[in-house]
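Below are the chains, spelled out letter by letter.
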Amino acid sequence: MANECSVKVFCRVRPQNAMEEATGGTVSVKFGENTALSHNGRVFQFDRVFDPTSSQELVYREAASPIVQDVLGGYNGTVFAYGQTASGKTHTMEGDITDTKLQGIIPRIVDGIFQYIYTMDENLEFHIKITLFEIYMEKIRDLLDVTKSNLVIHEDRNRVPYVKGVTERFVSSPEEVYATIAEGKSNRHVAVTNMNEHSSRSHLVFVIQVKQENLATQKKLTGKLYLVDLAGSEKVSKTAAEGLVLEEAKKINKSLSALGNVIAALADGNKSHVPYRDSKLTRILQESLGGNARTTVIVCCSPSSYNDTETRSTLLFGQRAKTIKNTVVINEELTAEEWKRRYEREKERNGRLKAVVEQLEAELGRWRGGERVSPSEQFVVKDEAGKQGGMNESPASVRKLSASEKEQFEEERRQLCAQLDEKDDEITSTGEELEQMKAEMTQIDLELQSFRQENSRLSQQLTISREDYEKTKEEVQEVLQSLEEVALNYDMKCQEADDQMKEKEALAQQLMALQDSSEKLRRKLSQVETLSLHHQHHAAEMVNSLHDEMLDFDALLGTGLEEGHEATDVSKTDEEFTKLRLHLSRVKAEVEDLTKLKASLQAGLETSSSKILNAEAELITCRLTISQVVFGYVGWLVGVVFDESAT
């Protein structure tokens, strides 16, 4: 059976921190009753207000403990903390798991669920399944399997959103849950800002699903609990965020703005369109806000005047959320026998009511037709079976019904009215669905027309593309022919380059031969110069010796004349002079030959050097020419290939 309940809103105010005191902030929040507080003179009402001295245990007992009973009773539940950055949301939701005094709502709820289970009847069998993921940069990321970084949201057959593909783990003790939470928190995105050293950069969603089955009656109940630690709204002027942290802040503020828009739409009673799909966060919380869940919101605030604007915005958010109504039902899974019994009971009841309505409609038709209905024929509703009773002859003389009959009649009338209201609701819902389907059909017709136009346009483009393809095909064939010609030219140029390389090698061999010949000439010239020097030295010695002999001869001639000796034989002297002249002529001729040979060798050496220099210059020129030819044709060929690829 459906029940309507309001969203419960609690307010928790933390103490001033060191930064707020350092900036000259003062306390701008005043506490009165447990359900109200005053901020800058304006009073805000909540289900409960927790001042800075409130303990973690008190917050859990007042705000979250009833949710445990609801979830174990087969209802869905949600607890989430809302507020600016560094307002104490993570401390409220998680706290310090290892410290019993500082534990937050999540670990205390886990303990409460297992403590309740341990005290239940042995005929009850429980299955507890947990899920842990974050919404980071508008992407759902599985914290128990970091490879799943962009999960999608789907709807089940009851149009309830769920995250497809997220990791689900069955647990059997609080320790297993704590270990799973620690594993997931190690993968959560956090950063350091001017407002918070451990600023959450994502919305953390922790889901506990408790399924219980009574082994005796086969009755099954399922409760799902969403525990959400939202990232805080930020002002860039205060957090000094930049780079990736700034982009994260933009996404956080955008999703929180979408959450505010959903709250505002539900608070205004405008349920014709609630923008759940504007954000992944609001899509996941769709059942928690205006749906099938008992929801608790904890707004966390700063008491400092430094954050007056953010505190006021948070308090207004809480006030709007307090006006939201949820319709909750027990998630009960009936057995086939129970469904059959209910069906037979409702079928029998509907048959009795249908018979009563038919008899009343027949009697009413007779009265409207001007016919009098005798008291024996008049129908009186006494119970659901529709027994007949006597009445007076005219409507004016209808007998007075007893109190019990009136009560039964009113009860029957209320039931019929309720059925009519349900039918009206069904008709209205069907009409709305019909209108929606008509609108969808109109949209589909427009899209179909658009698709046809797009198809026509694509057909024209396809025809043009085919023509372009044919042209391109011809151009490709021409390019291939050109490439073949280029390949032939390239082969010819390669052959020419090979010939030139061979000529280069021949020139190099000639150069080496010339260098060897030049070296031989240099050695021979050196030998000739050495021999020439030797001959010159020998000639000089001979001339000196001849000069000395002439002097001796002159002295001898003069001495002989003075002493009156007889003159030597003139013919012998002439013969010696003749020999001497011949010897001098021969020496002179040899010196002249050596001089000519030296000049000839020097000329040959100069000629060889000139030829070597010319050969080296010609070799360098050939190398440059070959390089230019090869690189030129290779570059041209590469350009042609790239042009063909681009085409």
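Residues numbered from 1 in each chain as written. Predicted model: local features only at pLDDT ≥ 70, side-chain atom pairs only at ≥ 80, totals over all residues. Heavy atoms only, no water.

(A) Spatial organisation of the overall build of the protein chain. Helix and strand content of the protein chain: 12 helices and 19 strands. Classification of the 647 residues of the protein chain by burial places 34% in the buried group. Nonlocal contacts in the protein chain, meaning residues at least 24 apart in sequence, comprise 69% of its contacts between residues at least 6 apart. (Helix = DSSP H or I, 4+ residues; strand = E, 2+ residues; numbered from the N terminus. Buried < 20%, exposed > 50% of the residue type's maximum accessible area, 1.4 Å probe, protein only. Contact = heavy atoms within 4.5 Å.)

(B) Here's a closer look at the packing of aromatic side chains. Tallied over the entire structure, the rule returns 3 aromatic pairs. Here F10 and F50 contribute two aromatic rings whose centre-to-centre distance is 6.2 Å and whose plane-to-plane angle is 25°, an arrangement assigned as stacked. Residue F10 is located in strand β2 (residues 8-13), and its partner F50 is located in strand β6 (residues 48-50); the two are separated by 40 residues in the primary sequence. On the basis of relative accessibility, which here comes to 0%, the residue F50 falls in the buried class. The ring of Y75 is capped by R294, whose NZ or CZ atom sits 4.4 Å from the centre of that ring. (Phe/Tyr/Trp six-rings, centres within 6.5 Å; stacked < 30°, edge-to-face > 60°. Lys NZ or Arg CZ within 6 Å of the ring centre and 35° of its normal.)

(C) Highlighting the side chain of Q16. Tracing the chain through its elements places Q16 in the loop between β2 and α1 (18-22). Within the local environment of Q16, its side chain forms a polar contact with the side chain of S304, the two groups lying 2.8 Å apart. (Polar contact = N/O pair within 3.5 Å; in protein donor to acceptor, adjacent residues only side chain to side chain.)

(D) Representation of the packing of helix α4 (residues 105-118) against helix α5 (residues 174-185). Axis separation between α4 and α5 bottoms out at 10 Å; the angle between their running directions is 155°. Relative to α5, α4 is oriented roughly antiparallel. In this structure, the crossing between α4 and α5 has a hand that is right-handed. Facing α4, whose interface residues are I106, P107, V110, D111, F114 and Y118, α5 presents P174, V177, Y178 and I181. Of the residues belonging to the contact of α4 with α5, the class tally is 9 nonpolar, no polar and 1 charged. (Axes fitted to C-alpha atoms, helices over the stretch in contact; angles between N-to-C directions. Parallel < 35°, antiparallel > 145°, perpendicular 65-115°, else oblique. Left-handed = near helix turned anticlockwise from the far one by under 90°. Nonpolar A, V, L, I, M, F, W, Y, C, P; charged D, E, K, R; others polar.)

(E) Molecular detail of the state of the cysteines. In the structure shown here, the tally under the stated rule is 0 disulfides. Free cysteine C300: the closest other cysteine sulfur is in C301, separated by 7.2 Å. On the basis of relative accessible area, C301 is assigned to the buried category, the value being 2%. (Disulfide = S-S within 2.5 Å.)

(F) Inspection of the packing of helix α2 (residues 56-72) against α4 at higher detail. Closest axis-to-axis distance for the α2/α4 pair is 9 Å, and the angle between their directions is 45°. Regarding the angle of α2 to α4, the classification is oblique. The crossing of α2 and α4 is right-handed. Counted together, Q56, E57, V59, Y60, A64, V68, Q69 and L72 of α2 and I105, R108, I109, G112, I113 and Y116 of α4 form the full contact between these two elements. Residue composition of the contact of α2 with α4, by class: 9 nonpolar, 3 polar and 2 charged.

(G) Region of the structure containing the confidence of the model for the protein chain. Averaged over the protein chain, the pLDDT score is 81; the fraction of residues at 70 or greater is 87%. Below pLDDT 50 for its whole length, residues 384-399 participates in 50 contacts with residues either more than four positions away or in separate chains. Here residues 563-568 is modelled with pLDDT under 50, and outside its nearest four sequence neighbours on either side it reaches 2 contacts, counting other chains as well. (pLDDT = per-residue confidence, 0-100.)

(H) View of a negative patch on the surface. Where like charges cluster on the molecular surface, the negative patch consists of E470, E474, E475 and E478. Counting through the fold element by element, E474 comes out in helix α11 (residues 403-563). (Patch = residues over 30% accessible without salt bridge, like charges linked within 9 Å, V, L, I, M, F, W, Y side chains within 5 Å. Areas by Shrake-Rupley, 256 points an atom, 1.4 Å probe, with all protein chains shown as cover. Salt bridge = Lys/Arg side-chain N within 4 Å of Asp/Glu carboxyl O. Lys, Arg positive; Asp, Glu negative; His and termini not counted. Charge placed at Lys NZ, Arg CZ, Asp CG, Glu CD.)

(I) Spatial organisation of α5. The terminal C-alpha atoms of α5 lie 16 Å apart, and with 12 residues this matches the ideal 16 Å at 1.5 Å per residue to within 8%. Residues P174, V177, Y178, T180, I181 and G184 constitute the buried set of α5. The arc enclosing the buried residues of α5, seen along the axis, measures out at 160°, which places them on a common side. Where the residues of α5 are buried, they touch α4, β8 (124-136), β12 (169-171) and β15 (203-214). (Expected span 1.5 Å × (residues − 1). Arc of directions from axis to C-beta.)

(J) Main features of the pattern of salt bridges. What the rule picks out here adds up to 19 salt bridges. In this structure, E155 and R159 form a salt bridge, with 3.8 Å as the shortest nitrogen-oxygen distance. Classification of E155 by relative accessible area gives partly exposed; the value is 25%. Salt bridges here are not isolated pairs; linked through shared partners, they connect E94, K185, R188 and D229.

(K) Broad picture of the sheet that holds strand β5 (residues 42-45). In space, the 3 strands of this open sheet follow the order β3-β4-β5, with antiparallel pairing throughout. Two strands in the sheet have a free side with no partner beyond their single neighbour: β3 (29-31) and β5. Strand-to-strand twist in this sheet, taken as the mean axis angle between neighbours without regard to direction, amounts to 30°. In the sheet, β3 pairs with strand β4 (residues 36-39) via 3 bridges, with the strands oriented antiparallel. In the strand pairing of β4, V29 is matched with H39. Helix α9 (residues 308-322) rests against β4 and β5 of the sheet, and its axis sits at about 40° to β5. (Pairing = 2+ DSSP bridges.)

(L) Examining the nonpolar core more closely. The biggest cluster of nonpolar side chains holds 45 residues, and the ones touching the most others in it are C11 and L259. With 7 residues, the top contributor of residues to this core is helix α7 (residues 244-267). In terms of nonpolar packing, the next biggest core, distinct from the first, is built from 40 residues, Y60, F126, F206 and L225 among them. (Core = buried A, V, L, I, M, F, W, Y, C linked by side-chain atoms within 4.5 Å.)

(M) Up close: the pairing of β5. Both β4 and β5 contribute to a ladder of 4 bridges, which runs antiparallel. Residue H39 lies in a different strand from β5, and its bridge partner there is R42. Counting the residues that bridge the hairpin from β4 to β5 gives 2 residues, and of these N40 lies at a positive phi of roughly 55°.

(N) Representation of a nonpolar patch on the surface in the model. Residues V630, V634, V638 and F642 make up a contiguous nonpolar surface patch of about 320 Å² in total accessible area. Note on placement: V630 falls in helix α12 (residues 570-646). Exposure remark for V630: the relative accessible area of 34% places this residue in the partly exposed category.

(O) Geometry of the environment of S288. Take S288: it is sitting in the loop between α8 (280-284) and β17 (294-301). The exposure class of S288 is buried, given its relative accessible area of 2%. With 208 residues separating them in the primary sequence, S288 and F80 have C-alpha atoms 9.9 Å apart. Beyond its immediate sequence surroundings of up to four residues, S288 is in contact with T78, A293, T295 and N326. Here the side chain of S288 touches T78 through a polar contact of 2.5 Å, side chain to side chain.

(P) Quick peek at α9. The terminal C-alpha atoms of α9, which comprises 15 residues, lie 21 Å apart, in line with the 21 Å expected from a rise of 1.5 Å per residue. Here α9 has its buried residues at D308, E310, T311, T314, L315, L316, F317, G318 and A321.

(Q) Focus on the pairing of β15. When you tally the buried positions in β15, you get 10 out of 12 residues, the bulk of the element. Of the strand pairs in this sheet, β8 and β15 are connected by 12 bridges, and their pairing is antiparallel. Within β15, the position partnered with T131 by the bridge is V207. Looking at chain direction, β15 and strand β16 (residues 220-229) are connected through 10 bridges and run antiparallel. For K211, the partnering residue across the bridge sits in β16 and is T222. Counting the residues in the hairpin turn of β15 and β16 gives 5 residues, including Q218, whose phi is positive at 65°.

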